[in-house]
Amino acid sequence: MRDPYEVLEIERGASKEEIKKAYRELAKKYHPDRYADNPLNDLAEEKFREIQEAYESLMNNNNYSNSNYSSGSQSSGYTSSEYMNIRSYIQVRRFQDAMNMLNNMSDKNAEWYYLMSICLVGTGYTNQGFEYAKTAVNMAPNNIEYRNHMTRLQNVQNGYNTRAYQYNRGANNSDALGCCSQLVCADCLCECLGGDLISCC
């Protein structure tokens, strides 16, 4: 395996945030879906795997990964290459593929419920996604990533209830539902990618 720092195009001693940022950018750039009908598809897949291996190696070697979510650690590092692949699917909005992978996993830890929550919200099942988010927080109450996700879903639900009441006075409240659903999805995706979160509803 090549030097993981070289693969991710970062300096040695890079921080956790720098490693995650480099991984996200390169994973998006070389994701096989972008080369589906391209003769460079095989090369993209090889590069994508190399990026994932480099990321996992650095996170593990620097103790950035968190293998015990039920303990309530605040770290949001990936526990395996499976979770990295799932997050990669979420990045490109392939929620069903991510859900299929999650459903094939036997160990349903806090990260499992967190990622399933994002997939459910992304496919329009906001209420069910909120329940899964609550389960993730119950399993890892000190994990900030999970708590922020659940709080934002709660805020969006509260905002929708307020707006639905207003729209019920004559406007088409399906417009409000559609708007809020799209904002929830964007918010969750942004959070999963590690970016700045938008303000919804």
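Everything here concerns the structure above.
The rules behind each value
- Residues numbered from 1 in each chain as written.
- Predicted model: local features only at pLDDT ≥ 70, side-chain atom pairs only at ≥ 80, totals over all residues.
- Heavy atoms only, no water.
- Phe/Tyr/Trp six-rings, centres within 6.5 Å; stacked < 30°, edge-to-face > 60°.
- Helix = DSSP H or I, 4+ residues; strand = E, 2+ residues; numbered from the N terminus.
- Buried < 20%, exposed > 50% of the residue type's maximum accessible area, 1.4 Å probe, protein only.
- Salt bridge = Lys/Arg side-chain N within 4 Å of Asp/Glu carboxyl O.
- Core = buried A, V, L, I, M, F, W, Y, C linked by side-chain atoms within 4.5 Å.
- Contact = heavy atoms within 4.5 Å.
- Axes fitted to C-alpha atoms, helices over the stretch in contact; angles between N-to-C directions.
- Left-handed = near helix turned anticlockwise from the far one by under 90°.
- Nonpolar A, V, L, I, M, F, W, Y, C, P; charged D, E, K, R; others polar.
- Expected span 1.5 Å × (residues − 1).

**Thoughts on the packing of aromatic side chains**
Point 1. Considering all chains together, one arrives at five aromatic pairs under this definition.
Point 2. Taken together, a centroid distance of 5.5 Å and an interplanar angle of 40° make the contact between Tyr113 and Tyr132 tilted. Linking Tyr113 in helix H6 (residues 110-122) with Tyr132 in helix H7 (residues 126-139), this pair joins segments that are 19 residues apart in sequence.
Point 3. On the basis of relative accessibility, which here comes to 23%, the residue Tyr132 falls in the partly exposed class.
Point 4. Counting every residue linked through ring pairs, the aromatic cluster contains Trp112, Tyr113 and Tyr132.

**What to know about the environment of Arg87**
Point 1. Summarising the element assignment, Arg87 is placed in helix H4 (residues 81-91).
Point 2. Overall, the relative accessible area of 3% leaves Arg87 in the buried class.
Point 3. Taking the C-alpha atoms as reference points, Arg87 and Cys119, 32 residues apart in sequence, are found 9.9 Å from one another.

**Points about unusual backbone geometry**
Point 1. In this structure, Glu9 is a non-glycine residue whose phi angle is positive, near 60°.
Point 2. Among the structural elements, Glu9 can be located in the loop between helix H1 (4-7) and helix H2 (16-29).
Point 3. A positive phi angle is found at Arg93, which is not glycine, with a value near 65°.
Point 4. Positionally, Arg93 belongs in the loop between H4 and helix H5 (95-103).

**Quick notes on the pattern of salt bridges**
Point 1. Across all of its chains, the model carries six salt bridges by this definition.
Point 2. Across the salt bridge formed by Glu111 and Arg87, the nearest N and O atoms sit 3.1 Å from each other. You can see Glu111 sitting in helix H6 and its partner Arg87 sitting in helix H4, a full 24 residues away along the chain. The same class applies to Glu111 and to Arg87, which are both buried.
Point 3. One network of salt bridges, with partners in common, ties together Arg87, Glu111 and Glu145.

**What about the nonpolar core?**
Point 1. Membership of the largest hydrophobic core comes to 26 residues, with the highest contact counts inside it found for Ile86, Ile90 and Leu102.
Point 2. The set of elements that each furnish at least two residues to this core consists of H4, H5, H6, H7 and helix H8 (144-167).
Point 3. Dropping the residues within four chain positions of it, Leu102 is found in contact with Tyr83, Ile86, Trp112, Leu115, Met116 and Cys119.
Point 4. Listed in part, the 20 residues of the second largest apolar core include Ile19, Tyr35, Ile51 and Tyr55.

**Brief notes about the packing of H2 against H4**
Point 1. Orientation of H2 relative to H4, taken along the N-to-C sense of each, is 65°, at an axis distance of 11 Å. Between H2 and H4 the crossing geometry is right-handed. For the pair H2 and H4, the contacting residues are Tyr23, Arg24, Ala27 and Lys28 in the first and Met84, Ser88 and Gln91 in the second.
Point 2. Residues of the contact of H2 with H4, tallied by class, amount to three nonpolar, two polar and two charged.

**Some remarks on H2**
Point 1. In this model H2 runs 20 Å from its N-terminal to its C-terminal C-alpha over 14 residues, within 8% of the 20 Å that 1.5 Å per residue would give.
Point 2. What H2 keeps buried is the set Lys16, Ile19, Lys20, Ala22, Tyr23, Arg24, Leu26 and Ala27.
Point 3. Buried residues along H2 sit against H1, helix H3 (41-61) and H4.

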